[in-house]
Amino acid sequence: MTNRNPHPSPARASSEALVVLISGTGSIMAAIEQASREPSYGARIAGVIADRADAAGLEIARAAGIATAVVSLKDFPDRATWDDALARTVASFSPDLVVCAGFMKILGPAALEQFGGRIVNTHPALLPAYPGAHGVRDALAGGAKVTGCTVIIVDAGIDTGPIVAQAAVDVWDNDSEDSLHARIKDVERELVVTTVGRMAREGWTVEGRTVTVGQA
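Residues numbered from 1 in each chain as written. Predicted model: local features only at pLDDT ≥ 70, side-chain atom pairs only at ≥ 80, totals over all residues. Heavy atoms only, no water.

## Remarks on the packing of aromatic side chains
- Evaluated as defined, the whole model comprises one aromatic pair.
- When the ring of Trp82 is compared with that of Phe103, the centres are 6.4 Å apart and the planes differ by 15°; the resulting orientation is stacked. With Trp82 in helix H3 (residues 79–91) and Phe103 in the loop between strand E5 (97–100) and helix H4 (109–115), this pair connects stretches of sequence that are 21 residues apart.
- For Trp82, a relative accessible area of 1% puts it in the buried group.
- Judged by its relative accessible area of 7%, Phe103 is buried.
- The cationic tip of Arg183 hangs over the ring face of Trp172; the distance from NZ or CZ to the ring centre is 3.6 Å. (Phe/Tyr/Trp six-rings, centres within 6.5 Å; stacked < 30°, edge-to-face > 60°. Helix = DSSP H or I, 4+ residues; strand = E, 2+ residues; numbered from the N terminus. Buried < 20%, exposed > 50% of the residue type's maximum accessible area, 1.4 Å probe, protein only. Lys NZ or Arg CZ within 6 Å of the ring centre and 35° of its normal.)

## Structural notes on the pattern of salt bridges
- This model, assessed by the stated rule, comprises nine salt bridges.
- The partner of Lys74 in a salt bridge is Asp75, and the shortest N-O contact between them spans 3.5 Å. Take Lys74 and Asp75: they sit in the same class, and that class is exposed.
- Measuring nitrogen to oxygen at the nearest pair gives 3.3 Å for the salt bridge that ties Arg137 to Glu177. Here Arg137, found in helix H5 (residues 135–141), pairs with Glu177, found in helix H6 (residues 177–202); they are 40 residues apart in sequence, far enough to count as distant. (Salt bridge = Lys/Arg side-chain N within 4 Å of Asp/Glu carboxyl O.)

## Looking at the layout of surface pockets
- A volume near 1100 Å³ is recorded for the largest pocket.
- Taken together, 40 residues make up the lining of the largest pocket; nearest its centre are Gly102, Phe103, Met104, Thr122 and Pro124.
- Elements represented by at least two residues in the lining of the largest pocket include exactly helix H1 (27–36), strand E6 (119–123), H5, strand E7 (146–153) and H6.
- With five residues, the single largest contributor to the lining of the largest pocket is H6.
- Residues that form the lining of the largest pocket fall into these classes: 16 nonpolar, 16 polar and eight charged. (1 Å grid on protein atoms, 1.4 Å probe; cavity = no way out; pocket = protein on both sides within 12 Å on 5 of 7 lines; lining within 4 Å. Points joined across faces, edges and corners; volume = space filled by probe spheres on them. Nonpolar A, V, L, I, M, F, W, Y, C, P; charged D, E, K, R; others polar.)

## Here we look at the nonpolar core
- In terms of nonpolar packing, the biggest core is built from 41 residues, with Ile32, Val48 and Val99 touching the most fellow members.
- Top element by residues in this core is H6. It accounts for eight residues.
- Ala87, Phe93, Leu107 and Val154 belong to the second largest nonpolar core, which has 23 residues in total. (Core = buried A, V, L, I, M, F, W, Y, C linked by side-chain atoms within 4.5 Å.)

In structure tokens form, the structure reads like this:
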């Protein structure tokens, strides 16, 4: 599919630039921003883009001195025009990596063609099990004893991209959807922060369904 920065240099003078896409509270974005304060993290957030002007995470980003933008679907005549505008806005920050962090829109051809292999997303289940909008609910309904979260490279499908990293979360007998999702979110934030940092510092390659972070 894509080879991206397969030979990163430890002597690189500047951090990798991230664009983070959000729709809500921005808790994962905030965790990345906190981690990026350490120079050894290897990445900095160049911009935060929301699809809603009332996304609470925008204020968190602004308070941290991060540039923000809003590209709302309702402001465009159709989905294709919105996707073109989103791709242009992302490109304006010249990102090395795009992180979907609670972004509730599916990226279209314009973004995927320009940033293919450089967009990551997270899902609250151990893909390929329980894809889609109700991964936590579906895991409970399916009687899963273990679920978790997955970081993937975004492709044209829904939760179908190559897997970068996963972390497991036990399902408790008395779990509700809310209680299980809360525990997954805690693990998910740490997984995304760790994975994005490693990708920034060590580079990554994508060959078919296999993602390799760092050197073999």
